[in-house]
Amino acid sequence: MIPRLLAAGLVLSTPVAIATRAAAPTDYVWHLPPGFPTPRVPANNPMSDAKVALGRRLFYDARLSNNGRQSCATCHSQVLAFTDGRARAIGSTGEEHPRGSMSLANVAYAAALTWANPSMAQLEDQALVPMFGDHPVELGLASPADLVARLKTVAKYAELFGAVYGPDDPITIDNVTRAIACFERTIISGRSPYDRYHFDRDDSAVSDAARRGEKLFFSQPLSCFRCHGGFNFSGAVDFEGRAPQQAEFHNTGLYNIAGLLSYPAPNTGVYDVTKKPEDVGKFKAPTLRNIAVTAPYMHDGSLATLDEVIEHYAAGGRTIADGPYKGIGHDNPYKSPIVRGFTISAEQKSDLIAFLNTLTDEAFLRDPALSSGPTSPAARSPDRN
Amino acid sequence: MSSSQKRGNVASVAARTLACLMLLAPAVAAAQATLQVTGSVSSPVLLTAADLKAMPRTTVTLKQDGRDVKYEGVLVGAVLARAGATLGRDMTGAAVASYVVASASDGYRAVFSLAELDPEFTGSEIIVADTVDGKPLFDYQGPFRIVAPRDTRGARGVRMLQKLEVVRLPK
């Protein structure tokens, strides 16, 4: 999340930019599900178990908010596939974010990290935005120096940072974001019933209804897969050995309000960054993995259920009859040509939802290695990998 | 009838067709599936899954999400030859001005030139696949699909393939 804060993110990231130096040799072992490629890791931030463990501790530490009320996990809760269940996130000071918390499931592969900022592609950079952004305030930290100072008062951090980065002034903002990014890259979900069906060829893993739903998902009339494709059921993904992918964003006709911009501010999509009219309303197609537990949906949480989401796409855009957002989304001039609308029966809708439900990875939602608990990240739950 | 009404009717028919297809149990659908080869061919045929299994088989490998995936099936050129399409030494004149429309049961279509499907002419490895990694195709893919291993994008990999129609350009 936090695409609105591009300017803040860039300003903040300049003085704390991560130095580019050769990657140290690493013997890190990924715990990847069948069918999943190896994530691409920045050369200047190689993975290590110790760094992942440090990043996990930081991710769950409320010291990362100015008033000690929130951590990264407040808006990215494991049991909700690292979302928060809210339509729009609430920051540590109570300020509402314009958009919803995006799932961190498989974020290691994401070519775009936020709802609508094409230039935010590195987890190390993105982590700065919720920490220090002030429009809106999320974690609300005063400055990188302030965070470093408060972490230096914790003996355990002195020990852990020293073990990862060496004894020479290891607690720096660069090293904080590196560790958090390493942990985030381990947030991998790929052991759902769908995966057992698809990669293990276990036909008993999914129902006949789900298989019918899968056919609908990949059918020409619905074409869900054209935006939510590949192993991650998402837009463009990056991984080791693949040419870097261009992030994709789509206007789905969720709004078509009167005026120059057809989407209600401040959520005007990629337009907010580029100021190009054709980018109005363009948002990322997030992963559909664990989608059943990440309601409400869309960038602003304005659709409460999967049923409503399917209705939106079946209509080729949402019609809002009254109120400030009144408009026929179907007729949005910059709507994606993929969102044409389709006819779907109640039974087919049920099948489609049955398919989407197969993407819920229960082992991921309760994996101790991703939790705030004491378990070492190296200890994977037995039904993973 | 307005264009939007026409679109609505087409969408409705497509949805009803899809609904009928969805009602078929997967195993039954696979066993009863046929591939129609028609158009400008001397002997239009309706091939069954068993017919394809009995023809010379070809395996191609695609890179999907960073991993190798093996598809097995029959060269499209061989399937077209079975229906008497003009291929091989006769790939001149009107034949090189012909194309093939590959159509799926969900309405999706893709076009190949007849020449590019002819192994003698181009070394084509484009196949009608019925197997992935040694197993039947998934419901959303099969029972038959096109696999075009030299395409850099997958858009012509027509899934749920139902028909190959040879079309000769008019003189």
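Residues numbered from 1 in each chain as written. Chains lettered and ligands numbered in written order. Predicted model: local features only at pLDDT ≥ 70, side-chain atom pairs only at ≥ 80, totals over all residues.

**Points about the nonpolar core**
And step 1. With 64 residues, the main nonpolar core has M131, A179 and I180 of chain A as its most contacted residues.
And step 2. Taken together, the elements giving at least two residues each to this core come down to α2 (49-59), α3 (72-75), α5 (128-132), α6 (144-152), α7 (155-165), α8 (173-185) and α11 (271-274) of chain A.
And step 3. Mapping this core onto the domain boundaries places at least three of its residues in each of domain 1 (3-189 + 363-370) and domain 2 (193-361) of chain A.
And step 4. Not counting chain neighbours up to four residues away, the residues in contact with M131 of chain A comprise L64, L139, L141 and L147 of chain A.
And step 5. Core analysis: the next-biggest nonpolar cluster, separate from the first, contains 35 residues, A33, F112, V132 and V166 of chain B among them. (Core = buried A, V, L, I, M, F, W, Y, C linked by C-beta atoms within 7 Å. Buried ≥ 20, exposed ≤ 12 C-beta atoms within 10 Å, placed from the backbone. Helix = DSSP H or I, 4+ residues; strand = E, 2+ residues; numbered from the N terminus. Domains from an automatic or database assignment. Contact = placed C-beta atoms within 7 Å.)

**Focus: the interface of chain B and chain A**
And step 1. Counting residues at the interface gives 19 residues for chain B and 21 residues for chain A.
And step 2. Of the residues forming the side of chain B that touches chain A, the biggest block, seven residues, is contributed by helix α1 (residues 3-23) of chain B.
And step 3. Of the residues contributing to the side of chain B that touches chain A, the split by class is ten nonpolar, three polar and six charged. (Nonpolar A, V, L, I, M, F, W, Y, C, P; charged D, E, K, R; others polar.)

**Comments concerning the pairing of strand β5 (residues 98-104) of chain B**
All names here are of chain B.
And step 1. Taken together, the seven bridges between β5 and strand β10 (residues 161-168) define a ladder with antiparallel strand orientation. Pairing of A102 across the sheet is with L164, part of β10.
And step 2. Note that β5 and strand β6 (residues 109-113) share five bridges and pair antiparallel. Across the sheet, the residue bridging to V101 is V111, located in β6. (Pairing = 2+ DSSP bridges.)

**A closer look at the domain arrangement of chain A**
All names here are of chain A.
And step 1. Domains assigned within chain A are domain 1 (3-189 + 363-370) and domain 2 (193-361).
And step 2. With centres defined by C-alpha atoms, the gap from domain 1 to domain 2 works out at 26 Å.
And step 3. Opposite the 35 residues of domain 1 that make contact, domain 2 presents 36 residues.
And step 4. Sort the elements by how many residues they give to the side of domain 1 that touches domain 2 and helix α14 (residues 362-365) lands first, with three residues.
And step 5. Tallied by class, residues from the side of domain 1 that touches domain 2 come to 22 nonpolar, eight polar and five charged.

**Here's the deal with helix α10 (residues 208-217) of chain A**
And step 1. Of all ten residues making up α10 of chain A, eight are buried, and the element is well covered by its neighbours.
And step 2. Taken residue by residue, α10 of chain A has A210, R211, R212, G213, E214, K215, L216 and F217 of chain A as its buried positions.

**What about the packing of α2 of chain A against α8 of chain A?**
A pair of packed helices can be characterised by two numbers: the angle between their axes and the separation between those axes.
All names here are of chain A.
And step 1. As a packed pair, α2 and α8 sit with axes 7 Å apart at the nearest point and diverge in direction by 100 degrees. By the angle between their axes, α2 is roughly perpendicular relative to α8. Contacts between α2 and α8 involve K51, V52, L54, G55, R56, L58 and F59 on the former and, on the latter, V176, R178, A179, I180, A181, C182 and F183.
And step 2. Tallied by class, the residues present in the contact of α2 with α8 amount to ten nonpolar, one polar and three charged. (Axes fitted to C-alpha atoms, helices over the stretch in contact; angles between N-to-C directions. Parallel < 35°, antiparallel > 145°, perpendicular 65-115°, else oblique.)

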